[in-house]
Amino acid sequence: MADLAVHDPLAGAGTWRRTRARLGVHLALGAFALYYLVPFAVVVLNSFRSLDDIGRHGLLAIPTSFSVAHWATTWNTLCVSGGCAGIAPFFWNSLEMAIPATLISTAFGAVNGYVLSKWRFPGSEALFLLITLGVFMPGQMVLLPWAITLGHLGLSNSIAGLVLIHCVQGLSFTTLFCRNYYINIPDELIRAARIDGAGFWRIFRRIVLPLSPPILIVTVIWQFTGIWNEFLFGVTFSSGTHQPITAALIGLSAAGTSVHQYNVESAAVLIGAAPPLLIYLLGGRYFVRGLTQGAVK
Amino acid sequence: MQYAPSPPSARPRRSLARFLPQAVLAPSLAATFLYVVVFALWSVWIALSNSTLLPDYSYAGFIHFAELWRNHRWTIAYTNLFLFGTLYVIGATLLGLLLAILIDQRVRAEALWRTIFLYPLAISFVVTGTVWRWIFNPTSGVQQLVRDLGWAGFTFDWIVRRDLAIYTVVITGIWQASGFAMALFLAGLRAVDPDLVKAAQIDGARMSRIYLRIILPSIRPIFIAVMVILLQFAIKTFDLVLALTSGGPGISTTVPAIYVYDLMFQRGQLGEGAAAAIMVLLALLLVLVPYGVWIGWQRRRERAHG
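Since the model is a prediction, treat every value here as computed from it, not as a measurement.

So, on to the state of the cysteines. All names here are of chain A. On inspection of all chains with the given rule, the structure shows zero disulfides over all chains. With no disulfide partner, C178 has as its closest neighbouring cysteine sulfur the one in C167, 14 Å distant. Exposure remark for C178: the relative accessible area of 0% places this residue in the buried category.

Right, dumping it as structure tokens:
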């Protein structure tokens, strides 16, 4: 990294001016941080408040009540999307969908990336281009074909159907990521291994995979977050108790006429946001790396 | 190129092994081909067919496109996309840039600020939209808060106003995406050649001038990347609006992606829905094709200049 002192915009300024400017920068950042944090604080605080308290003082108020009971209600008995078994079944649906789809699409992406970077053949660049086109395809374009295909396969309104969709759609993304990472592994390494008699899978296992953790972590984080948060396919291809959590949560905001149980709904919203948020907080470095790589390349 | 022909004496097993890479790639290729080419053409066919409530593959020409463009709701939807897209892209880009510049001033606890500004990107549009709906709600959110603080006449009811509701979508969209712009800009700012900045400082240039004249021009490719990606988000916007306003009040915040869904699955107009989906794809291509051409041109130029 560059010598940071050189980049100091306030180098040479007087000490007082310098302190004042630094204070200004931090105050500005703090003000913006409010804009970003208020919505989060609102749901966290309201998930512990009583309905009476919320009704009297509004959602944006200092809590005058505290209870963890709403969390149990949300998890076990909240009525949403045609059932009253709480948010739990939808949470499990989302996990059941996101975990296999993430693992399968990442595994295929790694092998595809390996072929497209280290075992290139005439036409492989064109095939790579075709695969990456899938990244940009808007979901609306494939809704009807998927609906008809899932119907024929007997996978309508099932988690398996959503797993299939996310695997196929995710392939483009994982292949793109892995290929762009593996291209930086020196070809000499591969060539030397081939001279030593190592074959396709052996080279993958012994050389490429051990170098892969950084890109695999990025890919898994991005796939999981994307699939967990996905809504269009979830709401189109599942209904009732088969829905992933994002599709079920829309019921909360759409219930415009009934009286809102804001505390229970806040907890539901937090549960819906928790897994990707946790991953972001734990693996933020990889999250950002995936972001910048995916965008700039 | 990596492949090498096996010696002629190779056993059949070995010559088969030569095609292992292709064989490994085949299932993914088949799936992607199906997804990208077959499904897209299938949708085009549906758009050109007589399909209404059920698929009917007899050719109908462009009647569904004509219907679509005559439709008042569609006019509202794409007008909203233009308005939302413009404000959202500009807003998120500028805010992201500002945050990146602030963070680049050797602030304390840099990682903490970055984490705060970027976390909305990890959260689904449905969650984001739901929470902001509550905040904008006049009887429970900001309006109520300010009135409770003593300003009884305060009004902030954009979300229930036909003419203003679209701006609540803009505010929420910027909240969600500006951290993304910040992360990209920050990466760009960190990659600027420090010698350039040093030279300008020695010449006594003010920092604001250095940013405007030296640093920002040198990260122009990042500006373009950020704006293209944000535009792509804007065109695909669906769940955010659905959770925030359900396209209302009335149909005042409908966007094309919602309209597609509505035609296909609420109104049983498969043909017109597919036609609308194709318009969404065209809008994306309008953004992505010039960008792809520009990137290709840049790469070639870089290669030519070493």
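Turning to the packing of aromatic side chains, a few remarks are in order. The description of two aromatic rings rests on the distance between their centres and on the angle between their planes. Taken as a whole and judged by the stated rule, the model has 45 aromatic pairs over all chains. Grouping aromatic residues by their ring pairs yields a cluster made of Y35(A), Y36(A), F40(A), W113(B), F117(B), Y119(B), W132(B), F136(B), F156(B), W158(B), Y167(B) and W175(B). The cationic tip of R179(A) hangs over the ring face of F128(A); the distance from NZ or CZ to the ring centre is 4.2 Å.

This brings us to the environment of Y211(B). All names here are of chain B. The topology assignment puts Y211 in helix α10 (residues 207-218). The spatial distance from the C-alpha of Y211 to the C-alpha of L145 is 39 Å, given a sequence separation of 66 residues. Residues within four places of Y211 in sequence aside, it is in contact with I101, D104, Q105, L189, L216 and P217.

This part covers the nonpolar core. Counting 191 residues, the largest nonpolar core has L29(A), I87(A), W146(A), Y182(A), F117(B) and F185(B) as the members making the most contacts within it. Two domains each provide a minimum of three residues to this core, namely domain 1 (2-74) and domain 2 (76-295) of chain A.

Contacts between the two partners involve 93 residues from chain A, matched on the other side by 98 residues from chain B. Counting across the chain A and chain B interface gives zero salt bridges. At the junction of chain A with chain B, the criterion picks out 16 residue pairs in polar contact (both at pLDDT 80 or more). No other element matches helix α2 (residues 15-46) of chain A, which puts 15 residues into the side of chain A that touches chain B. Considering only residue class, the side of chain A that touches chain B consists of 63 nonpolar, 20 polar and ten charged.

Further remarks concern the pattern of salt bridges. Side-chain pairs of opposite charge can arise where the charged atoms are in close proximity. Residue and element names in this part refer to chain B. What the rule picks out here adds up to twelve salt bridges over all chains. The salt bridge partner of R73 is D262, with a shortest N-O separation of 2.9 Å. Of this pair, R73 sits in helix α4 (residues 72-103) while D262 sits in helix α13 (residues 256-265), and the two are 189 residues apart along the sequence. Take D262: its relative accessible area is 16%, and that puts it in the buried class. Salt-bridge contacts for D157 lead to R161; the nearest nitrogen and oxygen are separated by 3.6 Å. Linked by salt bridges that have partners in common, D104, E110, R114 and R190 make up one network.

Moving on, we come to the confidence of the model for chain A. Keep in mind that low pLDDT regions are not for reading the predicted coordinates in detail. Residues and elements named next belong to chain A. On average, chain A scores 86 in pLDDT, and the residues at 70 or more come to 91%. Confidence, expressed as mean pLDDT per element, reaches its minimum in chain A at helix α1 (residues 4-7) with 44 and its maximum at helix α5 (residues 88-118) with 94. Across residues 1-6, where pLDDT falls below 50, the model places six contacts with residues more than four positions away in sequence or in other chains.

Residue and element names in this part refer to chain B. Together, L282, L285, V289 and V293 make up an exposed nonpolar region whose accessible area comes to about 340 Å². One can find L282 in helix α14 (residues 270-304). When its relative accessible area of 42% is taken as the criterion, L282 is described as partly exposed.

Take helix α2 (residues 20-47) of chain B next. Because each turn of an α-helix spans 3.6 residues, side chains separated by three or four positions in sequence point in the same direction. Its 28 residues place the ends of α2(B) 40 Å apart at the C-alpha level, agreeing with the 40 Å of an ideal helix rising 1.5 Å per residue. The principal kink in α2(B), of about 40°, is found at A26(B), preceding the proline P27(B) by one to four residues.

Attention now moves to unusual backbone geometry. Residues and elements named next belong to chain B. Of note, the phi angle at R106 is positive, near 50°, even though the residue is not glycine. In this structure, R106 sits in the loop between α4 and α5 (110-118). Classification of R106 by relative accessible area gives partly exposed; the value is 38%. One non-glycine residue, S246, lies in positive phi territory at about 55°. Note on placement: S246 falls in the loop between α12 (239-244) and α13. With relative accessibility at 40%, the residue S246 sits in the partly exposed group.

Attention now goes to the packing of α2(B) against α14(B). Helix-helix packing: each pair is described by the crossing angle between the helix axes and the interaxial distance. Residues and elements named next belong to chain B. At a minimum axis separation of 7 Å, α2 and α14 run at an interaxial angle of 130°. Comparing their axes, α14 and α2 come out oblique. α2 and α14 meet at a crossing whose hand is left-handed. Of α14, the residues touching α2 (which contributes S43, V44, I46 and A47) are L270, G271, A274, A275 and I278. In terms of residue class, the contact of α2 with α14 is made up of seven nonpolar, two polar and no charged.

How each quantity is defined
Residues numbered from 1 in each chain as written. Chains lettered and ligands numbered in written order. Predicted model: local features only at pLDDT ≥ 70, side-chain atom pairs only at ≥ 80, totals over all residues. Heavy atoms only, no water. Disulfide = S-S within 2.5 Å. Buried < 20%, exposed > 50% of the residue type's maximum accessible area, 1.4 Å probe, protein only. Phe/Tyr/Trp six-rings, centres within 6.5 Å; stacked < 30°, edge-to-face > 60°. Lys NZ or Arg CZ within 6 Å of the ring centre and 35° of its normal. Helix = DSSP H or I, 4+ residues; strand = E, 2+ residues; numbered from the N terminus. Contact = heavy atoms within 4.5 Å. Core = buried A, V, L, I, M, F, W, Y, C linked by side-chain atoms within 4.5 Å. Domains from an automatic or database assignment. Salt bridge = Lys/Arg side-chain N within 4 Å of Asp/Glu carboxyl O. Polar contact = N/O pair within 3.5 Å; in protein donor to acceptor, adjacent residues only side chain to side chain. Nonpolar A, V, L, I, M, F, W, Y, C, P; charged D, E, K, R; others polar. pLDDT = per-residue confidence, 0-100. Patch = residues over 30% accessible without salt bridge, like charges linked within 9 Å, V, L, I, M, F, W, Y side chains within 5 Å. Areas by Shrake-Rupley, 256 points an atom, 1.4 Å probe, with all protein chains shown as cover. Expected span 1.5 Å × (residues − 1). Bend = angle between axes of the 7 residues up to and from the residue. Axes fitted to C-alpha atoms, helices over the stretch in contact; angles between N-to-C directions. Parallel < 35°, antiparallel > 145°, perpendicular 65-115°, else oblique. Left-handed = near helix turned anticlockwise from the far one by under 90°.

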